[in-house]
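The primary structure of each chain is shown beneath.
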Amino acid sequence: MDEQPEPVQEPAPQTGGGLDRRAELSEFLRTRRARLKPEDVGLPDFGRRRVPGLRREELAQLAGVSVAYYTRLEQGNGRNVSAEVLDAIARALRLTGAEHAHLMHLAKPKQHKKKQTARAQQVRPALRHLLDSIDTVPAYVVGRRSDILAWNRMAAALFGDWAELPAPERNWARLVFLRPDYRELFVEWDQKAADIVGFLRMDAGCHPDDPKLSALVGELSVKSEEFRRLWAAHDVKEKSYGVKRMRHPLVGDLTLSFETFRLVDESEQSLITYHAEPGSPSAEALRLLASWGADATRAGTGTAAQ
């Protein structure tokens, strides 16, 4: 028997009061289920489907739970659900490691003090000194909500002088979605945009009561149709490593590898570095940026986002 169509919920602009964790859990599970086809999980496909992906009863069967139990969970009721059941549902949904962690955050939230997420993010002085000492590699520190907290001269030469921006605008999401020059800087802008939204989704799972995160999502939902589309997909991603291609207005095309170093003091901050293959045209371009110094950009010393 065909499953009845499920209502599609459009992402509403957020206010400063935080994100609805139950709605986040419901939409995350629904979108993960919608992306799976019966043949992806070894099930026969009988009859026409009015909704994309697996039916709830099929997913419940794969996870080894009752349909009623899974339905309650997909409706946002994660109370009393065990970690073992969540693991089984994660396996049935073929979740990635980041998605599995996001599901756990949504269904079994840790108790965070609200003032913890409201407190200004600070970068340790020693870490600032380390950034200043790295004079050939673009490097910066990013915190919650993809806020850019501190950076070195080479990062300013590569990405632009963030010191010229008000503190609230030193944010990767605002830069990528609201600044045309960043759309031109990243050759694969679509991938960069999707990555940023995935990072914000991870933050939302960990800190749904963060009013600044909620306000940021609301602002971008109003100002950017592309952000609304990506946010509605409920994809999550953790900061990692990889390669970015850029088109710098002064030195042209660059292919740079980036690495993410998660700081160990539980500050939810990461150090991001970019480097080029030795002897490559990109390495020469970085060398030129370093030698030009202030002529390349009016680089500043980053200050903590408030």
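The structure displayed is predicted, hence computed values, not measured ones.

Draft legend 1. Structural view of the sheet that holds strand E1 (residues 139–142). Read from one edge of the open sheet, 5 strands run E2-E1-E5-E4-E3, paired in antiparallel fashion. With partners counted over all chains shown, the strands left at the sheet margins are strand E2 (148–151) and strand E3 (242–248), one partner each. Taken pair by pair, the neighbouring strands of this sheet meet at an average axis angle of 30°, ignoring direction. By the bridge criterion, 7 bridges tie E3 to strand E4 (residues 252–262) in an arrangement that is antiparallel. Among the inter-strand pairings, His-248 is bridged to a residue of E4, identified as Gly-252. This element, helix H14 (residues 281–292), spans E3, E4 and strand E5 (270–275) of the sheet and lies at about 85° to E4.

Draft legend 2. Up close: the environment of Arg-94. Here Arg-94 lies in the loop between helix H4 (83–92) and helix H5 (97–107). Looking at Arg-94, the relative accessible area reads 47%, which means it is partly exposed. In sequence terms Arg-94 and Val-41 are 53 residues apart; their C-alpha atoms lie 8.8 Å from each other. If we skip the residues at most four places from it in the chain, Arg-94 touches Arg-35, Leu-36, Asp-40, Val-41 and Glu-99.

Draft legend 3. Representation of the pairing of E2 in the model. As paired strands, E1 and E2 are joined by 3 bridges and run antiparallel to one another. The partner of Val-142 across the bridge, within E2, is Ile-148. Between E1 and E2, which pair antiparallel and follow one another directly, the connecting turn spans 5 residues, one of which, Arg-145, has a positive phi of 60°.

Parameters and conventions
Residues numbered from 1 in each chain as written. Predicted model: local features only at pLDDT ≥ 70, side-chain atom pairs only at ≥ 80, totals over all residues. Heavy atoms only, no water. Pairing = 2+ DSSP bridges. Helix = DSSP H or I, 4+ residues; strand = E, 2+ residues; numbered from the N terminus. Axes fitted to C-alpha atoms, helices over the stretch in contact; angles between N-to-C directions. Contact = heavy atoms within 4.5 Å. Buried < 20%, exposed > 50% of the residue type's maximum accessible area, 1.4 Å probe, protein only.

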